[in-house]
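# A look at the structure
Given next are the chains, with one letter for each unit.
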Amino acid sequence: MKNSTTVILLVFGLLFLGCESKPQWNKWQAGDILFQNGDCGDFCDAIKKVTSGYNGHSFSHNGILIEENGNWRVLEAVNQGVQITALEDFLNRYTTEEGNPKVHVGRLKPSYQDLIPDAIAFGKTLKGKPYDQAFNLENDAYYCSELIHFSFMNANGGLPIFDTPPMTFKDPDIGKTFPVWEKYYERLGLEIPEGKPGLNPGGMSLSPVLDIIYNFENP
């Protein structure tokens, strides 16, 4: 009987440890910005190579955390356009070998927190807008960081809180445009917007208006 009890306790102990090894952080707040290290092939590799993020991490995507009917969701701009995604689906989109989400959580500093409700409200009005394939801040389409930028700029009376530095599509090692971008813009029939203002997840993760408060990859 003692042996059976010992085995049962051991099994429960292992299950408990297994559960504890997964990220359990849940101190979410609406307006948190989720930075994702995604794998989209050559495009993500090119983005990461020119945009070092927080503590040297690579990020290729980001979205805004919102709450709907008591459920956490992410307002984001993806290839299908601006959409709202369940938080669980967002976290599980890209994971480490250990099953941890490749996500860092950013939170606006206290002096910017009052912008969050209006930023989310405006961002929701953009649901269904097309993805900004041209990465052009002047059209009526949105890529991930652009969606966040305009949402908070609208909430701040038209004044941006995130920087829009010159974009580069060149490999810093050789000073030439990445082939993947050359082909991409050739298909679009557009010039590469080298040097035009823009944003990216890596640069946004370094913004002085927010703090990175949690790393799901290494909890």
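Above: the structure in question.
These lines cover the structure that appears in this document, whether it is placed above or below. Bear in mind the structure is a predicted one, so any value in this text is a computation, not a measurement. Residue numbers here run from 1 along each chain, matching the order of that chain's written sequence. In keeping with the predicted nature of the model, local features appear solely for residues at pLDDT of at least 70, side-chain atom pairs appear and are counted solely at 80 or more, and the whole-chain, interface and lining totals rest on all residues. Computation of side-chain values covers all heavy atoms of the structure but excludes hydrogens and water.

The next subject is the overall build of the protein. Comment: elements are numbered from the N terminus, with helices defined as DSSP H or I runs of at least four residues and strands as E runs of at least two. Of the regular secondary structure elements, the protein holds seven helices and eight strands. Type-normalised accessible area, obtained with a 1.4 Å probe on protein chains alone, sets the label of each residue: buried when under 20%, exposed when over 50%, and partly exposed for intermediate values. By residue count, 43% of the 219 residues in the protein fall in the buried class. Look at the contacts in the protein between residues 6 or more apart in sequence, and 69% of them connect residues 24 or more apart. Approximately 12,000 Å² of the protein is accessible, and the part contributed by carbon and sulfur atoms is 52%. A contact between two residues is defined here by any heavy atoms of the two lying within 4.5 Å. Each accessible area value is a Shrake-Rupley result obtained with a 1.4 Å probe; residue values ignore everything except the protein chains displayed when judging cover.

Classification of ring pairs uses Phe, Tyr and Trp, with its six-membered ring standing for Trp, and accepts pairs whose centres are within 6.5 Å; under 30 degrees between planes counts as stacked, over 60 as edge-to-face, and the remaining range as tilted. For the structure shown, the criterion picks out 14 aromatic pairs. Measuring from ring centre to ring centre gives 5.7 Å for Trp-28 and Phe-216, while their planes differ by 15°; the resulting arrangement is stacked. Pair noted here: Trp-28 is in the loop between helix 1 (2-20) and strand 1 (33-36) and Phe-216 is in the segment after strand 8 (210-215), with a separation of 188 residues, a long-range link. According to the relative accessible area criterion, Trp-28 is buried, its value standing at 12%. Of the residues examined, Phe-216 reaches a relative accessible area of 3% and is grouped as buried. With a centroid separation of 6.4 Å and 45° between ring planes, the pair formed by Phe-135 and Tyr-184 is classed as tilted. A residue pair is termed long-range when its members are at least 10 positions apart, and Phe-135 in the loop between helix 4 (116-125) and helix 5 (144-155) and Tyr-184 in helix 6 (residues 179-188) qualify at 49 residues. Here Phe-135 falls in the buried class, since its relative accessible area comes to 14%. Classification of Tyr-184 by relative accessible area gives buried; the value is 12%.

What follows concerns the pattern of salt bridges. Any Lys or Arg side-chain nitrogen found within 4 Å of a carboxyl oxygen on Asp or Glu counts as a salt bridge. One pass over the full model with this rule turns up five salt bridges. Arg-73 is the partner of Glu-68 in a salt bridge, and the nearest nitrogen-oxygen pair spans 3.5 Å. For Glu-68, a relative accessible area of 23% puts it in the partly exposed group. We note a salt bridge from Lys-124 to Glu-68, for which the minimum N-O separation is 3.6 Å. Here Lys-124 is found in helix 4, whereas its partner Glu-68 is found in strand 2 (residues 61-68), with 56 residues between them in sequence. Ionic contacts of the salt-bridge type, sharing partners, join the residues Glu-68, Arg-73 and Lys-124 into one network.

We note that Asn-69 has phi near 50°; this positive angle belongs to a residue other than glycine. Residue placement: Asn-69 occurs in the loop between strand 2 and strand 3 (71-78). Overall, the relative accessible area of 82% leaves Asn-69 in the exposed class.

Looking at soluble globular proteins, one finds that nonpolar side chains tend to be buried together. Each nonpolar core is a collection of buried residues, namely Ala, Val, Leu, Ile, Met, Phe, Trp, Tyr and Cys, held together in the definition by side-chain atoms within 4.5 Å. Counting 41 residues, the largest nonpolar core has Leu-108, Phe-135, Phe-152, Phe-162, Trp-181 and Leu-210 as the members making the most contacts within it. At the level of elements, strand 1, helix 2 (42-50), strand 2, strand 3, helix 4, helix 5, helix 6 and strand 8 are the ones that each hand at least two residues to this core. When near neighbours in sequence (up to four residues on either side) are disregarded, Phe-162 contacts Ile-33, Leu-108, Ile-148, His-149, Phe-152, Leu-199, Met-204, Ser-207, Val-209 and Leu-210. Ranked by size, the runner-up nonpolar core spans twelve residues in total, among them Val-74, Phe-90, Val-103 and Tyr-214.

The next subject is the environment of Leu-115. As for its position among the elements, Leu-115 is in the loop between strand 5 (103-108) and helix 4. With a relative accessible area of 8%, Leu-115 lands in the buried category. A sequence separation of 36 residues divides Leu-115 from Ser-151, and the C-alpha atoms of the two residues are 9.3 Å apart. Apart from residues no more than four positions distant in its own chain, Leu-115 is found in contact with Phe-152, Ala-155, Asn-156 and Ile-161.

Across the two faces of strand 1 the burial is the same, with Ile-33 and Phe-35 and Leu-34 and Gln-36 all buried. For strand 1 and strand 2, the ladder comprises four bridges, and the chain directions are antiparallel. By the bridge assignment, Ile-33 is partnered in strand 2 with Ile-64. One requirement defines pairing of two strands: DSSP has to find at least two bridges between them. Of the strand pairs in this sheet, strand 1 and strand 5 are connected by four bridges, and their pairing is antiparallel. Bridged to Ile-33 within strand 5 is Gly-106.

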